[in-house]
Amino acid sequence: MGEIRFTEVTRSTRADFENLFEQPGGPKYCWCMAWRNLDNREHGGNDERKRAMMALIEAGTPVGIVAHAEGKTVGWCSIAPRETYRRLSRHQDDSETGIWSIVCFYVPRALRSRRLATALLDAAIDHAFAQGARSIEAYPVDQASPSYRFMGFRDMFVTRGFREIGMAGSRRHVMRLER
């Protein structure tokens with residue numbers, strides 16, 4: 001795939017994010033709003049989710065990073081301060097500050113199995129700590145999980161030093177990395 005570079009999604013880079021999500025097979029049904037605050041979550045349509053995400057970007061709210069290779073946007077990781085998401089775990093202590101959360105990865109089907117998700121994870125970790133995160137939380141599942149696979153797999157987080165601190169539901173592990 002050649003050299004991969006990563007950029008934060010901002011007003012000036014949001015077109016790359018939009019193009020990735022709108023391509024065939026892209027997650028334009030969700031616009032990565034599943035874990036963010038959104039009125040009418042259950043019944044809101046794709047356009048409403050996109051407008052909500054674009055409003056966050058326009059307001060300067062951190063939402064994540066995209067990966068670029070060979071002149072194309074090839075992946076996404078939702079990495080942002082935990083307080084920009086809705087409650088991610090019933091055990092979440094909202095008095096904690098400086099926590100960034102990783103809640104989603106997207107790599108087009110044709111590019112999977114090229115370790116792009118792990119490269120996105122490494123870039124997301126670097127990005128969050130560069131932005132002042134004290135710690136990073138993630139909510140991955142086991143490889144055999146039938147759902148929530150978009151949140152990443154537990155083993156790739158363990159390999160990078162994340163430690164498990166609990167569960168969020170029956171499938172999602174709450175994992176944390178501190179520096």
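All figures in this text were calculated on a predicted structure; none of them were measured in a lab. (Residues numbered from 1 in each chain as written. Predicted model: local features only at pLDDT ≥ 70, side-chain atom pairs only at ≥ 80, totals over all residues. Heavy atoms only, no water.)

What follows is about the overall build of the protein. Each helix and strand counted, the protein has four helices and seven strands in total. Secondary structure elements of the protein occur, N-terminal to C-terminal, as β-α-α-β-β-β-α-β-α-β-β. The C-alpha extent of the protein, read off along each of the three principal axes, is 40 × 40 × 35 Å. Looking at the protein as a whole, 49% of its 179 residues are labelled buried. Within the protein, residue pairs in contact and separated by at least 24 positions form 59% of the contacts whose partners lie at least 6 positions apart. When the accessible area of the protein is evaluated, it comes to approximately 9100 Å², of which 47% is carbon and sulfur surface. Taking the average place of the 27 positive charges on the side chains of the protein and the average place of its 22 negative ones, the gap between the two points comes to 4 Å. (Helix = DSSP H or I, 4+ residues; strand = E, 2+ residues; numbered from the N terminus. Buried < 20%, exposed > 50% of the residue type's maximum accessible area, 1.4 Å probe, protein only. Contact = heavy atoms within 4.5 Å. Areas by Shrake-Rupley, 256 points an atom, 1.4 Å probe, with all protein chains shown as cover. Lys, Arg positive; Asp, Glu negative; His and termini not counted. Charge placed at Lys NZ, Arg CZ, Asp CG, Glu CD.)

As summarised here, the arrangement of the seven strands in space is 1-2-3-4-5-7-6, forming an open sheet in which the pairing is mixed. Two strands bound the open sheet, and with one partner strand each, they are strand 1 (4-8) and strand 6 (163-168). Ignoring which end each strand starts from, the neighbouring axes of this sheet average 30 degrees apart. In terms of strand pairing, strand 5 (residues 135-138) meets strand 7 (residues 172-178) through four bridges, oriented antiparallel. From the neighbouring strand, Ile136 faces strand 7, where its bridge partner is Leu177. Where helix 1 (residues 14-22) meets the sheet, it contacts strand 2 (65-69), strand 3 (72-81) and strand 4 (99-106), and its direction lies at approximately 110 degrees from that of strand 3. (Pairing = 2+ DSSP bridges. Axes fitted to C-alpha atoms, helices over the stretch in contact; angles between N-to-C directions.)

For the rest of this paragraph, the subject is the pairing of strand 7. The buried fraction of strand 7 amounts to six of the seven residues, a majority that puts the element mostly inside the structure. Looking at chain direction, strand 6 and strand 7 are connected through five bridges and run antiparallel. Among the inter-strand pairings, Met167 is bridged to a residue of strand 7, identified as His173. Hairpin connection between strand 6 and strand 7: a loop of three residues separates the two successive antiparallel strands, and Gly169 in this loop has a positive phi of roughly 80 degrees.

Looking now at the packing of aromatic side chains. We describe a pair of aromatic rings using the distance from one ring centre to the other and the angle between the two ring planes. This model, assessed by the stated rule, comprises ten aromatic pairs. Residues Phe157 and Phe162 carry aromatic rings whose centres are separated by 5.0 Å and whose planes lie at 90 degrees to one another, so their mutual orientation is edge-to-face. The burial state of Phe157 is the same as that of Phe162; both residues are buried. Taken together, the aromatic side chains of Phe17, Phe21, Trp31, Trp76 and Tyr106 make up a single cluster linked through ring pairs. Directly above the ring of Tyr148 sits Arg172, whose terminal nitrogen or CZ lies 5.0 Å from the centroid. (Phe/Tyr/Trp six-rings, centres within 6.5 Å; stacked < 30°, edge-to-face > 60°. Lys NZ or Arg CZ within 6 Å of the ring centre and 35° of its normal.)

Here we come to the environment of Ala128. Structurally, Ala128 can be placed in helix 3 (residues 116-130). Residue Ala128 is classed as buried on the basis of its relative accessible area, which comes to 0%. With 64 residues separating them along the chain, Ala128 and Gly64 place their C-alpha atoms 9.4 Å apart. Ignoring anything within four residues of it in the chain, the contact list for Ala128 reads Ile79, Trp100, Ala133 and Ile136.

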